[in-house]
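Results of the structural survey
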Amino acid sequence: MTRTSTVADVVADVVAAHSPVVFSLVGNGNAHFVASLTSRGHRVVSVRHETATVIAAHSYALAGGGVAAASATYGAGFTNLLTSLAEARLARVPVVVIVGGEPTTGSRAIDIDQIGVAAAMYVQTLTVGRANATAQTELAYAIAARDRVPVIVTIPYDLVDASVDTSVEPPSPAAGLEQEAVLRAHELAEAPDVERADAAHVAGLLARAQRPLILAGHGAVLAEAGDVLRRVGDRVGALFATSLMAHGLTGSPWDLGIAGGFSRPDVAELIGEADVVLVVGASMNLWQMRYQTLLTHAETIIQVDTRPGSTHPRVDEFHRADARAFAEALLAELTDADRDGWRGSVTVPDADSRPFEELAPDGRLDPQAVITELEAILPLERSITQDNGHFMGWAPRHLSAPDPHAMLLPGLALHCIGLGVGSLLGVAAARPDRLPVLVTGDGGFLMELSELDTLLREVPSALVVVMNDAAFGMEVHQYGVRGLDTGAMTFAEVDFAALAVAMGGRGAKITALSDLDRVQEWLDRGAEGIFVADVAISPNVVADWLRLSNRYNGVVEVSA
């Protein structure tokens, strides 16, 4: 006897066709959907907290794996994933989220207005029915891919095991787009074609510049514009810089590295000398602009993005366009041979290989020395993701990545911590050919310690580096210097290496650089399983970008 397909089955059909992996925590509202996937052998990564579902799918997409799916039940399952859902929306990352919902017969005592909550976060919800489950789920993937946003698909609880209704003509998928009129997702629709006059004008500005700079962001990565931007830069003798999410995009020897708060001071100073700056696919947020100190001498700043308008008051000209299309139009206008331009009078600073003191005056490790040592130890084929925190600038500054998909910092859009391990799950699933590396803080790692179990079950190899200062370092260094009591910002030191071993992994307490030999030995033996390097860093080494932030915010340091 042939089993009749249910609403949950046909949603699973679409998800299985589009997403090689689903990150899920099962509950009443999504049990039928998840079981439909697992019964057919589709990969489902079962996490321990719903926050990890969306951030894992988010990082899977950023690491180059495509649009992944996340799933949770209704009510508490839905509310638990809101932090990572907000991060995906603010960061403009495509994710399809399958959740349970209230029955079609009306709200129960346990239900909340999930559609209203999602709309308040600018996230669209599509509710499936017996006649349109396939069309609505396909539409969710179309919107997510087109607008680079998360989209929710809700299965009403009384329909999870209801048979599909094939007697009714399903509505056109385009009908669901009407919902976008009340949400911001529609603002991100496809950009118009490039006007030749605009390209010619910008090409002229770059060609006449004495010190041209091209600053590329994640939008240029998505548009695969790196090679064309490099040729444009070569034609006018420009230097390059990137946002964190476009790290290494052009592959040019004239790339200065990451622009903004995570720039080395000497690199930031050089970037600040540019006279004409072309910003392509970068948001120019406060971090990228180094707290408004980065482009201090620029005479003209041109921004190219798919957004409706410029994102910074310093922008002199804004062109709404696809990054690659605009770069190709520029190249067509720059017909003369390559010239030296700024390159003839400047030397790109070498990678930061200065020797840091191993120990700070308090006898604990300087985190900069640890990260530079890891750069020499780790294999070249690596994918690096981080949690947020005081430590987060050192890995982008001192660790190299093979391409822009291999250096992630989820949580930065929402300024939240506790997303690192979930991100590592997504990175590991997207690029199993690379060593997944997480750099996290002790506070954030404690928030998601349950996901260490998920790592041990689901990931064959990964390195977790815990920057352990027994504190919420960001708060200590922002508010302790203002004279606030730090009693709630510090806590007893946790032995994360011992916890990892107790749960079946490997680990080592790192109190000296020589202790990193334990990491090297693990790598030499095949890097099997999960290794947690618990690094005892000094709480007294303050990142230069945080000091810059404090000055920007008018913080006057108070002596202890």
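Described in the following lines is the structure provided in the data block. Just so we're clear, the structure is a prediction, and the values are computed from it rather than from any experiment.

**Some words on the nonpolar core**
Core analysis: the largest hydrophobic core is formed by 51 residues, its most contacted members being F23, L455 and V464. Top contributing element to this core by residue count: helix α3 (residues 51-65), with eight residues. Membership of the second largest hydrophobic core comes to 49 residues, among which are I377, A406, V541 and L548.

**Some details on a negative patch on the surface**
On the surface, E358, E373, D517, E521 and D524 cluster together into a patch of negative charge. Ranked by residues supplied to the negative patch, first place goes to helix α20 (residues 517-524) with three residues. Within the element layout of this structure, E358 appears in the loop between α12 (323-333) and α13 (367-377).

**What to know about the pairing of strand β17 (residues 529-536)**
With seven of eight residues buried, β17 is to be regarded as a mostly interior element. Two strands pair when backbone bridges link them, and strand β15 (residues 461-468) and β17 are joined in this way by eight bridges, in the parallel orientation. Its bridge partner lying in β17, V464 is registered against V532. The pairing of strand β16 (residues 506-510) with β17 spans five bridges and is parallel. Each residue of the ladder has a partner; that of A508, found in β17, is A533. On the question of chirality, the crossover connecting β16 to the parallel β17 by way of α20 is right-handed.

**Here we look at the packing of helix α8 (residues 196-208) against α12**
Across the interface, α8 lies against α12 with an axial gap of 8 Å and an inter-helix angle of 65 degrees. By the criterion of interaxial angle, the relationship of α8 to α12 is roughly perpendicular. By crossing handedness, the relation of α8 to α12 is classed as right-handed. Of the residues in α12, those touching α8 at R196, D198, A199, A200, V202, A203 and L206 are F326, A329, L330 and E333. Looking at the contact of α8 with α12 residue by residue, the classes come out as eight nonpolar, no polar and three charged.

**Description of the pairing of strand β4 (residues 95-101)**
Of all seven residues making up β4, seven are buried, and the element is well covered by its neighbours. Alternating residues of β4 divide into V95, V97, V99 and G101 and V96, I98 and G100, and every residue in both groups is buried. Sheet topology places strand β3 (residues 68-72) next to β4; five bridges connect them, and they run parallel. Within β4, the residue paired with A72 across the bridge is V99. Pairing analysis gives seven bridges linking β4 to strand β6 (residues 150-156), with the strands arranged parallel.

**Thoughts on helix α21 (residues 544-552)**
For α21, the set of buried residues is W545, L546, L548, S549 and N550. Of the residues one or two after α21, G554 is the one with positive phi, at around 75 degrees.

**Let's talk about the sheet that holds strand β7 (residues 212-216)**
Strands sit in the order β9-β8-β7-β10-β11-β12 across an open sheet of six strands; the sheet is parallel. Among the strands making up the open sheet, the edge pair consists of β9 (255-258) and β12 (317-320). Between one strand axis and the next, the sheet turns by 15 degrees as a mean value, whatever way the strands run. Note: β7 against strand β8 (residues 239-242), four bridges, orientation parallel. What sits directly across from L215, in β8, is A241. Running at roughly 170 degrees to β7, helix α10 (residues 226-236) makes contact with β7, β8 and β10 (276-280) of the sheet.

**Things to note about the sheet that holds strand β2 (residues 43-46)**
Strand order in the open sheet formed by six strands is β2-β1-β3-β4-β6-β5, with parallel pairing between adjacent strands. Each edge of the sheet is formed by a strand with only one pairing partner; in this case those strands are β2 and β5 (124-127). Averaged over all pairs of adjacent strands, the angle between their axes in this sheet comes to 25 degrees, without regard to strand direction.

**Re the environment of S46**
Counting through the fold element by element, S46 comes out in strand β2. Given the relative accessible area of 36%, S46 is considered partly exposed. For the pair formed by S46 and S24, sequence separation is 22 residues and the distance between their alpha carbons is 5.1 Å. Aside from chain neighbours lying at most four places away, what touches S46 is S24, T454, R457 and E458.

**Overview of the packing of aromatic side chains**
With the rule as written, the count across this model stands at ten aromatic pairs. Seen from their ring centres, W287 and W545 are 5.2 Å apart, and the 50 degrees between their planes marks the pair as tilted. Within this pair, whereas W287 is found in the loop between β10 and β11 (300-305), its partner W545 is found in helix α21, the two being separated by 258 residues in sequence. Considered together, W287 and W545 belong to a single accessibility category, that of buried residues. Three or more aromatic residues joined by ring pairs form one cluster here, namely F262, W287, Y291, W545 and Y552. Positioned above the aromatic ring of Y74, the side-chain terminus of R108 is 4.5 Å from the ring centre.

**A short note on unusual backbone geometry**
A positive phi angle is found at R290, which is not glycine, with a value near 50 degrees. Here R290 shows up in the loop between β10 and β11. The exposure class of R290 is buried, given its relative accessible area of 8%. Here the phi dihedral of Y291 falls at roughly 55 degrees; this positive angle occurs in a residue that is not glycine. Turning to its location among the elements, Y291 is positioned in the loop between β10 and β11. For Y291, a relative accessible area of 6% corresponds to the buried category.

Criteria and cut-off values
- Residues numbered from 1 in each chain as written.
- Predicted model: local features only at pLDDT ≥ 70, side-chain atom pairs only at ≥ 80, totals over all residues.
- Heavy atoms only, no water.
- Core = buried A, V, L, I, M, F, W, Y, C linked by side-chain atoms within 4.5 Å.
- Buried < 20%, exposed > 50% of the residue type's maximum accessible area, 1.4 Å probe, protein only.
- Helix = DSSP H or I, 4+ residues; strand = E, 2+ residues; numbered from the N terminus.
- Patch = residues over 30% accessible without salt bridge, like charges linked within 9 Å, V, L, I, M, F, W, Y side chains within 5 Å.
- Areas by Shrake-Rupley, 256 points an atom, 1.4 Å probe, with all protein chains shown as cover.
- Salt bridge = Lys/Arg side-chain N within 4 Å of Asp/Glu carboxyl O.
- Lys, Arg positive; Asp, Glu negative; His and termini not counted.
- Charge placed at Lys NZ, Arg CZ, Asp CG, Glu CD.
- Pairing = 2+ DSSP bridges.
- Right-handed = clockwise from strand over helix to strand, strands pointing away.
- Axes fitted to C-alpha atoms, helices over the stretch in contact; angles between N-to-C directions.
- Parallel < 35°, antiparallel > 145°, perpendicular 65-115°, else oblique.
- Left-handed = near helix turned anticlockwise from the far one by under 90°.
- Contact = heavy atoms within 4.5 Å.
- Nonpolar A, V, L, I, M, F, W, Y, C, P; charged D, E, K, R; others polar.
- Phe/Tyr/Trp six-rings, centres within 6.5 Å; stacked < 30°, edge-to-face > 60°.
- Lys NZ or Arg CZ within 6 Å of the ring centre and 35° of its normal.

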